[in-house]
Amino acid sequence: MEECISVFDMLKIGVGPSSSHTLGPWRAAERFLSELNQENLLDKVIRVQVDLYGSLSLTGKGHATDFAVILGLSGQDPEYIPIEHIDQIISSVKKNAEIKLGNQYLIPFTFEKDIIFNRNFLPFHANGLTFTAFTSNSEFSSTFYSIGGGFVVKEERVNAKKKLQIKCAFPFLIQNADDLLNFCTSENKSISEIVYENEKSMRSEGEIHTEIMRIWNTMLECMYIGCHSEGILPGGLNVRRRAFDMHQGLIGLANYESPQEWLECIRKTEVKFRQILKWVSCFALAVNEVNAALGRVVTAPTNGSAGVIPAVLMYYLVIENHDAGEKEIKQFLMVAGEIGSLFKKGSTISAAMGGCQAEIGVSSAMAAAALCEVMGGTPEQVQMAAEIAMEHHLGLTCDPIGGLVQIPCIERNTMGAIKAINAAELAMETDAKNAKVPLDKVIDTMWQTAKDMNSKYKETSEGGLAIAVNMADC
């Protein structure tokens, strides 16, 4: 069965700190409200209970999963909710012990009683959650699985799709990297051109342009906010924001009034090699510090790895090609989205299933491939860039201290971005005919590695740095 995965599935706008533990549960809560509405139960509900399982339970508080389900049940949209309203809504629920279900019906609700953290795992996926609504004479339950990158599925829906053999409507049916390369060869098109044709089968060219630029502007604004915000990140680790100080040291006393003016200002700054490393690190840090503070980011392909792709795209715009504009931005993001979809189809983008190789590793591969194409790489070199980037992230564990998306997650975005740039450069200097490891092989290897990895290294905070260093040490 071919699977249609759009660029806009891989690059989603949402709220931090985690796509699987925050955005996914938030969307699951929205879907539960929709189900209640379809069953004509929404106005009859007198109580709601949320059961979190597996990784959602083990690291849920550090990932703000409890906040996410409350915001979702409150009828808020993660793409558009004013960030400053989040604390107000959560504080109101805590203070009044009630929630405005679907932003319409006030019902009793308490964190301690109505959100249950179950340490056991459900069989279908490591990130399971069940919503149960009670009326005066009945109850209605529904179970969802947050499978990474903000994607949410139901087990019965997945099985039904398998039985029906629903086919993809894209003109170019791509299940793996070989399929993509074959279409590029037969159609004499670049990867971004193949992706664009697929996207046009789902939406108008105007909508594609508008949505891609909305994604980029969200990324740009996120970097801008991160570079201009100082202080301590929430959560108890007392992690000081570093992007602010790094940015001040790099840009000095420059004047600008908007993210776009800021971008142009950086382009005019003379940059040497060491400063390039600092700028790329600064951009990545900025995004993931915003993410850790429950700010708005672009899931790319996850929130925990949201800084890699914008940092590498920003590197291209401010270092490699000052003449680049919307055309190159769209080209970059379409390639990144397509490479991410290959990993989702052939492996996983869920740290709870595959460790951090599924997040930082995939995002680095996406960014490397995208950078390679906009720098003039062939489709073969683009795939090689993705393969090189992932090859050097294989086996990377997910062991967040305190269950927070901060240590080592924030710094890992800087490493993923630098590796992506290096991978693109290596691919550009290599004859693709000499490639020894096809992209499909490294995707499969990543999945085999994920299956072999001990569960304590898969976003459970039960191994690695998460137990070597405790909250008190920080």
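Residues numbered from 1 in each chain as written. Predicted model: local features only at pLDDT ≥ 70, side-chain atom pairs only at ≥ 80, totals over all residues. Heavy atoms only, no water.

> In this structure, what is going on with the overall build of the protein? I would like to understand it.
Helices and strands together make up the secondary structure of the protein, namely 21 helices and nine strands. For 474 residues, the compact-globule estimate of 2.2 N^0.38 gives 23 Å, and the C-alpha radius of gyration of the protein, at 22 Å, lies within 12% of that figure. Along the longest, intermediate and shortest principal axes, the C-alpha atoms of the protein span 70 × 55 × 45 Å. Looking at the 474 residues of the protein, the share that counts as buried comes to 58%. In the protein, the proportion of contacts linking residues at least 24 apart, taken out of those at least 6 apart, comes to 78%. Accessible surface for the protein amounts to roughly 19200 Å². Of this, 49% is attributable to carbon and sulfur atoms. Distance from the positive charge centre (42 side chains) to the negative charge centre (57 side chains) of the protein: 4 Å. (Helix = DSSP H or I, 4+ residues; strand = E, 2+ residues; numbered from the N terminus. Rg over C-alpha atoms; globule rule 2.2 N^0.38 Å. Buried < 20%, exposed > 50% of the residue type's maximum accessible area, 1.4 Å probe, protein only. Contact = heavy atoms within 4.5 Å. Areas by Shrake-Rupley, 256 points an atom, 1.4 Å probe, with all protein chains shown as cover. Lys, Arg positive; Asp, Glu negative; His and termini not counted. Charge placed at Lys NZ, Arg CZ, Asp CG, Glu CD.)

> What's the story with the nonpolar core in this structure? I'm lost.
Inside soluble globular proteins, nonpolar side chains tend to come together where they are buried. Ranked by internal contacts, the top residues of the largest apolar core, which has 114 residues, are Trp 216, Trp 262, Ile 309, Met 314, Leu 333 and Leu 371. Here Leu 371 is in contact with Val 312, Tyr 315, Tyr 316, Phe 332, Ile 421 and Ala 424, once residues within four sequence places are set aside. Counting residues in hydrophobic clusters, the runner-up holds 38 residues, among them Ala 29, Leu 42, Leu 71 and Leu 101. (Core = buried A, V, L, I, M, F, W, Y, C linked by side-chain atoms within 4.5 Å.)

> So what exactly am I meant to see when it comes to the environment of Ser 92 here?
Within the secondary structure layout, Ser 92 lies in helix 5 (residues 83–96). What makes Ser 92 partly exposed here is its relative accessible area of 33%. Remark: the alpha-carbon pair of Ser 92 and Pro 379, spanning 287 residues in sequence, is separated by 52 Å.

> Got a minute to help me understand the sheet that holds strand 2 (residues 47–54) in this structure?
Strand pairing in a sheet relies on backbone hydrogen bonds, with the paired strands running either antiparallel or parallel. With mixed pairing, the five strands of this open sheet are ordered in space as 5-2-6-7-8. Both edges of this open sheet fall to strand 5 (115–118) and strand 8 (151–153), since each of them pairs with a single strand only. Going across the sheet, the axis of each strand differs from the next one's by a mean of 25 degrees, ignoring polarity. (Pairing = 2+ DSSP bridges. Axes fitted to C-alpha atoms, helices over the stretch in contact; angles between N-to-C directions.)

> How should I be thinking about the pattern of salt bridges in this particular structure?
Close approach of charged atoms allows side chains of opposite charge to pair. Applying the stated criterion to the full structure yields 16 salt bridges. In this structure, Arg 27 engages Asp 77 in a salt bridge whose closest nitrogen and oxygen atoms are separated by 3.6 Å. Here Asp 77 lies in the loop between helix 4 (65–73) and helix 5 and Arg 27 lies in helix 2 (residues 19–38), a separation of 50 residues in the sequence. In this structure, Glu 462 engages Arg 119 in a salt bridge whose closest nitrogen and oxygen atoms are separated by 3.0 Å. Placement of Glu 462 in the loop between helix 20 (439–452) and helix 21 (465–468) and of Arg 119 in the loop between strand 5 and strand 6 (127–134) is noted, with a sequence separation of 343 residues between them. The exposure class assigned to Glu 462 is partly exposed, which follows from its relative accessible area of 34%. Where salt bridges share partners, they join Arg 27, Glu 30, Asp 77, Glu 79, Glu 211 and Arg 214 into one cluster. (Salt bridge = Lys/Arg side-chain N within 4 Å of Asp/Glu carboxyl O.)

> Mind showing me how you'd approach the side chain of Thr 135 here?
Within the fold, Thr 135 resides in the loop between strand 6 and strand 7 (139–148). Among the polar contacts listed, one links the side chain of Thr 135 to the side chain of Ser 138, at a separation of 2.7 Å. (Polar contact = N/O pair within 3.5 Å; in protein donor to acceptor, adjacent residues only side chain to side chain.)

> Would you take a moment to explain the side chain of Thr 302 for this structure?
Within the secondary structure layout, Thr 302 lies in the loop between strand 9 (296–299) and helix 14 (308–320). Of the polar contacts made by the side chain of Thr 302, one reaches the side chain of Glu 359; its length is 2.7 Å. Once residues lying within four places of it in the same chain are set aside, the contact partners of Thr 302 are Ser 19, Gly 149, Ile 349 and Glu 359.

> Hey, could you run me through the confidence of the model for the protein in this one?
It should be kept in mind that the predicted coordinates are not to be read in detail where pLDDT is low. With 96% of its residues at a pLDDT of at least 70, the protein reaches an overall mean of 94. Per-residue pLDDT stays below 50 along residues 160–165; that stretch engages in three contacts with residues further than four places along the chain or on separate chains. (pLDDT = per-residue confidence, 0-100.)

> Would you mind showing me how to read the state of the cysteines here?
Any covalent bond linking the sulfur atoms of two cysteines counts as a disulfide. Per the stated rule, a full pass over the model turns up zero disulfides. Unpaired in this structure, Cys 282 has its nearest cysteine sulfur neighbour in Cys 227, at a distance of 3.6 Å. Residue classification places Cys 282 among the buried positions, given a relative accessible area of 0%. Note on Cys 409: no disulfide assigned, nearest cysteine sulfur contributed by Cys 398 at a separation of 6.0 Å. Note on Cys 409: relative accessible area 14%, which makes it buried. (Disulfide = S-S within 2.5 Å.)

> Can you walk me through helix 19 (residues 409–428) in this structure?
Note on helix geometry: an α-helix contains 3.6 residues per turn, so any two residues three or four positions apart are oriented the same way. Relative to the 28 Å expected for 20 residues at 1.5 Å per residue, helix 19 spans 29 Å between its end C-alpha atoms, a close match to the ideal helical length. Considered for burial, the residues of helix 19 that qualify are Cys 409, Ile 410, Arg 412, Asn 413, Thr 414, Gly 416, Ala 417, Ala 420, Ile 421, Ala 423, Ala 424 and Ala 427. On its buried face, helix 19 sits against helix 13 (273–292), helix 14, helix 17 (360–374) and helix 18 (379–391). (Expected span 1.5 Å × (residues − 1).)

> How should I be thinking about the pairing of strand 7 in this particular structure?
Successive side chains on a regular strand alternate, one facing one side of the sheet and the next facing the other. Counting buried positions along strand 7 yields seven of 10 residues, so the element is predominantly enclosed. Pairing geometry for strand 6 and strand 7, over seven bridges, is antiparallel. Bridge pairing in strand 7 places Ala 133 opposite Phe 140. Taking the residues that link successive antiparallel strands as the turn, the strand 6-strand 7 hairpin has four residues. Of the pairings in the sheet, the one linking strand 7 to strand 8 comprises three bridges and is antiparallel in character. Looking across to strand 8, one finds that Tyr 145 is bridged to Val 153. From the end of strand 7 to the start of strand 8, which pair antiparallel, there are two residues, and Gly 149 there has a positive phi angle of about 70 degrees.

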